[in-house]
Amino acid sequence: MGLTYVSTRDKNNKATASEAILQGLAADGGLYVPEYIPKYANSWRSLCRKSYQEIAYEIMSLFLTDFSEEELKSCINRAYDSKFDDPSIAPVRKADSSFYIELFHGRTIAFKDMALSILPHLMTASARKNNVSNDIVILTATSGDTGKAALEGFAGVEQTRIVVFYPKNGVSAIQEKQMLTQKGDNTLVVGIHGNFDEAQTGVKKIFSDTALKEKMDKAGFSFSSANSINIGRLVPQIVYYVASYVRLLESEEIIDGELINVTVPTGNFGNILAAYYAKQMGLPIDKLICASNENKVLFDFFSTGIYNKNRKFVLTSSPSMDILVSSNLERLIYKIAGEDDTMDRDLMNKLVNEGEYEITTNMRSKLSDFYGNYASEEETLNTINRIFESDNYVLDPHTAVAACVYDKYRKETGDTKKTLIASTASPYKFTRSVMKAINRDDPSKSDIELTDTLYEVTGVDIPPAIQEIKEAPIRHDTQCDVEAMKSVVEDFLGI
Ligand SMILES: *Cc1c(COP(=O)(O)O)cnc(C)c1O
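Description of the structure in this document. Values in this document were obtained by computation on a predicted structure and should not be read as measured data. (Residues numbered from 1 in each chain as written. Predicted model: local features only at pLDDT ≥ 70, side-chain atom pairs only at ≥ 80, totals over all residues. Heavy atoms only, no water.)

**What about the overall build of the protein?**
To keep it simple, the criterion reads: Comment: elements are numbered from the N terminus, with helices defined as DSSP H or I runs of at least four residues and strands as E runs of at least two. Computation of the radius of gyration draws on C-alpha atoms, with the globule rule given as 2.2 Å multiplied by the number of residues to the power 0.38. Every residue pair with non-hydrogen atoms within 4.5 Å of one another is taken to be in contact.
Within the protein one finds 21 helices and 16 strands. Since a compact globule built from 495 residues should have a radius of gyration of about 23 Å, the 22 Å found for the protein is in line with a globular shape. The C-alpha extent of the protein, read off along each of the three principal axes, is 60 × 60 × 50 Å. Taking contacts inside the protein between residues at least 6 apart in sequence as the whole, the part at least 24 apart equals 74%.

Right, dumping it as structure tokens:
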């Protein structure tokens, strides 16, 4: 029997894995969750000496049961190839008595590549499987990083097009250059005269335009979404927790069955949820340590049982975690509510209408797998400095938030279990903050120029992705007003 996915807001709304991947969000507004979490039947040791791609197949095939072996292996092999600048895809490094899983060896040197390099292939395979002959058109509004990772994932993938809208004056110079140099005839990058919210609202409006939908269908196109609630992004993220456990076994840092902790720098709650699913598969994980920056909604949630987004939004040096609504948390809420879809719907409605909700005592009692804490801006930079001085290992600010919170956890609890820390971005992506932290900032240099200084100081190779944007030609120059977003899409598709 295949694994079925159900919506968190209506259990009777069911889908196969491929249907859930094509739909993204369920029609009732809920998120698809697997009806149960499959267990891994063999010993973890049996995965030793298997490649990342082989481990990915072992794990993903348990979740994506309507994919044939050939289909899934083809998706995996096309995603995790020489696009990654390390053959082990997600290497594990030891520093500061922890183990860092480096999830930043893909095309945009940050962890979103882990999922977005495979999602396009899962989508086109899902389309074929469901007899969807239309080309898939991805629309994304981005405040910087996700847009580029999605562009890299979909670029050149047959039967797909991708349009990314970003606020013309609202992203960093490096982020803009990364997007404007994007290759691929099926890609379009558009700077809008407006802010991120306007870009996002514009995209939602296009998605819900039924007349446009009909027109597209006639011309052989359907919209889809690549955002982080898609089950096709979540499942590939379970793989690297298993793979890193296996690597620790191979290097005899742990023995089979030994419990470890996992610390994750968290924003939308996708990455840590994947670790939670890995634990439910039977991977020996003890605590899931949820690290927040100064936007500490999740820390407050774990401490009080109240999720409250009514607060000031803080801009930090870890921008990919500057989030007040962690959308993937809904999957955990559904689970701790005893898979009660009515309860889930009520709480999510409260979040929309009042900006907050409180979970029951019974639900709180099911959160003992988690520990939450946060790092201030100062603590984050101090952590980069401390670990650079002690271990000559350079963390980006997101990973430093996690390292700092793990340090707090260890001091608070005395728990000395081996701990994996998800390292979500290369320090080369955030050179300014990193150089400030290690007292080597030079205000006369641009962020790109600082990459050379970072190399001189640390000796860590400059990733090919950074080298490329220094030289790559600009390929996109489309700009538009918010009102014109729809016609830009129509022009691009020639309809
Ligand atoms: C997206 C992102 C995160 C947060 O991950 P979530 O799955 O949204 O919790 C952390 N660090 C970096 C660098 C990211 O890009």
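**Describing the packing of aromatic side chains**
Note the threshold: Ring pairs are drawn from Phe, Tyr and Trp, using the six-membered ring of Trp, whenever the two centres fall within 6.5 Å, and their geometry is named by plane angle: stacked under 30 degrees, edge-to-face over 60, tilted for the rest. Residue burial is assigned from relative accessible area. The probe radius is 1.4 Å, only protein chains are included, and a residue is buried under 20% of its type maximum, exposed over 50%, and partly exposed in between. Placement of a charge over a ring requires the Lys NZ or Arg CZ to be within 6 Å of the ring centre, with the centre-to-atom vector within 35 degrees of the ring normal.
With the rule as written, the count across this model stands at 16 aromatic pairs. Relative to Trp44, the ring of Tyr40 lies with its centre 5.0 Å away and its plane at 25 degrees, an arrangement referred to as stacked. Of the two residues examined, Tyr40 and Trp44, each falls in the buried class. Ring geometry for Phe299 and Tyr374: centres 5.3 Å apart, planes at 45 degrees, overall tilted. Taken together, the positions of Phe299 in helix H12 (residues 297–304) and Tyr374 in strand E14 (residues 370–374) put the pair 75 residues apart, joining distant regions of the chain. Owing to a relative accessible area of 25%, Tyr374 belongs among the partly exposed residues under this scheme. Aromatic rings pair up to connect Phe269, Tyr276, Tyr277, Phe301, Phe302, Tyr307, Tyr357 and Phe370 into one cluster. A cation over an aromatic ring shows up here: Lys296 above the ring of Tyr374, its NZ or CZ 5.4 Å from the ring centre.

**With respect to the side chain of Arg233**
What counts is decided by this rule: Counted as positive: Lys and Arg. Counted as negative: Asp and Glu. His and the chain ends are not counted at all. Take a side-chain nitrogen of Lys or Arg and a carboxyl oxygen of Asp or Glu: if they are within 4 Å of each other, that pair is a salt bridge. Nitrogen and oxygen atoms within 3.5 Å of one another constitute a polar contact, given that in protein one can donate a hydrogen and the other can accept it, and given that sequence-neighbouring residues count only through two side-chain atoms.
Within the element layout of this structure, Arg233 appears in helix H10 (residues 231–250). We note that Arg233 is buried and unpaired, the nearest opposite charge coming from Asp113 at a distance of 9.1 Å. In this structure the side chain of Arg233 is engaged in a polar contact, spanning 2.8 Å, whose partner is the backbone oxygen of Ala226.

**Brief notes about the site of the ligand**
Put simply, the test is: When at least one non-hydrogen atom of a residue lies within 4 Å of a molecule or strand, that residue is treated as near it. All accessible-area figures derive from a Shrake-Rupley calculation using a 1.4 Å probe, and residue coverage is judged against the displayed protein chains alone. Any residue outside Ala, Val, Leu, Ile, Met, Phe, Trp, Tyr, Cys, Pro, Asp, Glu, Lys and Arg is labelled polar, Gly included; the first ten of those are nonpolar and the last four are charged.
Of all residues adjacent to the ligand, which total 14 residues, the nearest are Lys112, Gly267, Asn268, Asn271 and Thr424. Lys112 places a polar side-chain atom, nitrogen or oxygen, 2.6 Å from an oxygen atom of the ligand. At 2.7 Å from an oxygen atom of the ligand is found a main-chain nitrogen or oxygen belonging to Asn268. Coverage of the ligand by the protein amounts to 96% of the 380 Å² it exposes when considered alone. Tallied by class, the residues present in the shell around the ligand amount to five nonpolar, eight polar and one charged.

**What to know about the sheet that holds strand E4 (residues 92–95)**
Where strands meet in a sheet, backbone hydrogen bonds hold them as pairs that are either parallel or antiparallel. Under the convention used in this document: When DSSP finds two or more bridges between two strands, those strands count as paired. Angular values range over 0 to 180 degrees, each being the angle between N-to-C directions of two axes fitted as lines to C-alpha atoms, with helices fitted over their stretch in contact.
Strand order in the open sheet formed by six strands is E4-E5-E15-E10-E11-E14, with mixed pairing between adjacent strands. In the strand order of this sheet, the two ends are held by E4 and E14, each with one partner. Put simply, the sheet's adjacent strands are angled 25 degrees from each other on average, direction ignored. Bridge analysis of strand E5 (residues 98–102) against strand E15 (residues 419–423) gives four bridges, and the strand direction is parallel. Its bridge partner being in E15, Phe99 is matched across the sheet by Leu420. Contacting E5, strand E10 (260–265), strand E11 (285–292), E14 and E15, helix H17 (residues 397–413) runs over the sheet at an angle of about 125 degrees to E11.

**A closer look at the pattern of salt bridges**
Inspection of every chain in the model, using the stated rule, returns 31 salt bridges. One salt bridge in this structure joins Lys14 and Glu35, with 3.2 Å as the shortest N-O distance. Placement of Lys14 in strand E2 (residues 10–15) and of Glu35 in the loop between strand E3 (32–34) and helix H2 (52–63) is noted, with a sequence separation of 21 residues between them. We note a salt bridge from Arg107 to Glu152, for which the minimum N-O separation is 3.2 Å. Taken together, the residues Arg107 in the loop between E5 and helix H4 (112–116) and Glu152 in helix H6 (residues 145–154) connect sequence positions 45 residues apart. Using a relative accessible area of 24% as the deciding quantity, one classes Arg107 as partly exposed.

**Quick word on a negative patch on the surface**
Under the convention used in this document: For patch detection, residues must exceed 30% relative accessible area and be free of salt bridges, and they are connected within 9 Å for like charges or within 5 Å for nonpolar side chains (Val, Leu, Ile, Met, Phe, Trp, Tyr). By convention, the charge on Lys lies at NZ, on Arg at CZ, on Asp at CG and on Glu at CD.
A surface patch of negative charge is lined by Asp197, Glu198, Asp481 and Glu483. Inspection of the secondary structure assignment puts Glu483 in the loop between strand E16 (478–481) and helix H21 (485–493). A relative accessible area of 70% means that Glu483 is categorised as exposed.

**Some points on the state of the cysteines**
Disulfides are covalent bonds that link the sulfur atoms of two cysteine residues. Selection criterion: Throughout, a disulfide means two cysteine sulfur atoms within 2.5 Å of one another.
Taken as a whole and judged by the stated rule, the model has zero disulfides. You can see Cys290 has no disulfide; the closest cysteine sulfur is in Cys404, sitting 14 Å from it. Looking at Cys290, the relative accessible area reads 1%, which means it is buried.

**Quick look at H10**
For the record, the criterion: Helices are assigned an expected span. That span is 1.5 Å times one less than the residue count.
When the terminal C-alpha atoms of H10 are compared, their 30 Å separation across 20 residues agrees well with the 28 Å that a helix rising 1.5 Å per residue should span. Counting buried residues along H10, 18 of its 20 residues qualify, which places the element largely inside the surrounding structure. By the N-cap criterion, in which a side-chain oxygen at the helix start approaches the backbone nitrogen of a residue two or three places on, H10 is capped by Asn230, the distance to Gly232 being 2.7 Å. One or two positions beyond H10, positive phi appears at Glu252, with a value near 55 degrees.

**What about unusual backbone geometry?**
Its identity is not glycine, yet Arg49 carries a phi of approximately 65 degrees, on the positive side. Here Arg49 lies in the loop between E3 and H2. In this structure Arg49 comes out as exposed when scored by relative accessible area, which is 69%. A positive phi angle, close to 65 degrees, is found at Ile89, a residue other than glycine. Within the element layout of this structure, Ile89 appears in the loop between helix H3 (69–79) and E4. Judged by relative accessible area, Ile89 falls into the buried class, the value being 2%.

**As for the environment of Leu3**
One can find Leu3 in the segment before strand E1 (5–7). In this structure, the C-alpha to C-alpha distance between Leu3 and Thr16, residues 13 residues apart in sequence, is 7.1 Å. Beyond its immediate sequence surroundings of up to four residues, Leu3 is in contact with Pro34, Glu35, Tyr36, Pro38, Leu62, Phe63 and Thr65.

**Some words on the sheet that holds strand E8 (residues 187–193)**
Spatial ordering of the open sheet is given by E9-E6-E7-E8-E16, a layout of five strands whose pairing is parallel. Both edges of this open sheet fall to strand E9 (221–224) and E16, since each of them pairs with a single strand only. Taking the axes of each pair of neighbouring strands and ignoring which way they run, one obtains an average angle of 30 degrees across the sheet. Two strands pair when backbone bridges link them, and E8 and E16 are joined in this way by four bridges, in the parallel orientation. Of the residues in E16, the one forming a bridge with His193 is Asp481. Against the sheet, helix H9 (residues 210–219) contacts strand E6 (135–141) and E9, and its axis sits at roughly 130 degrees relative to E9.

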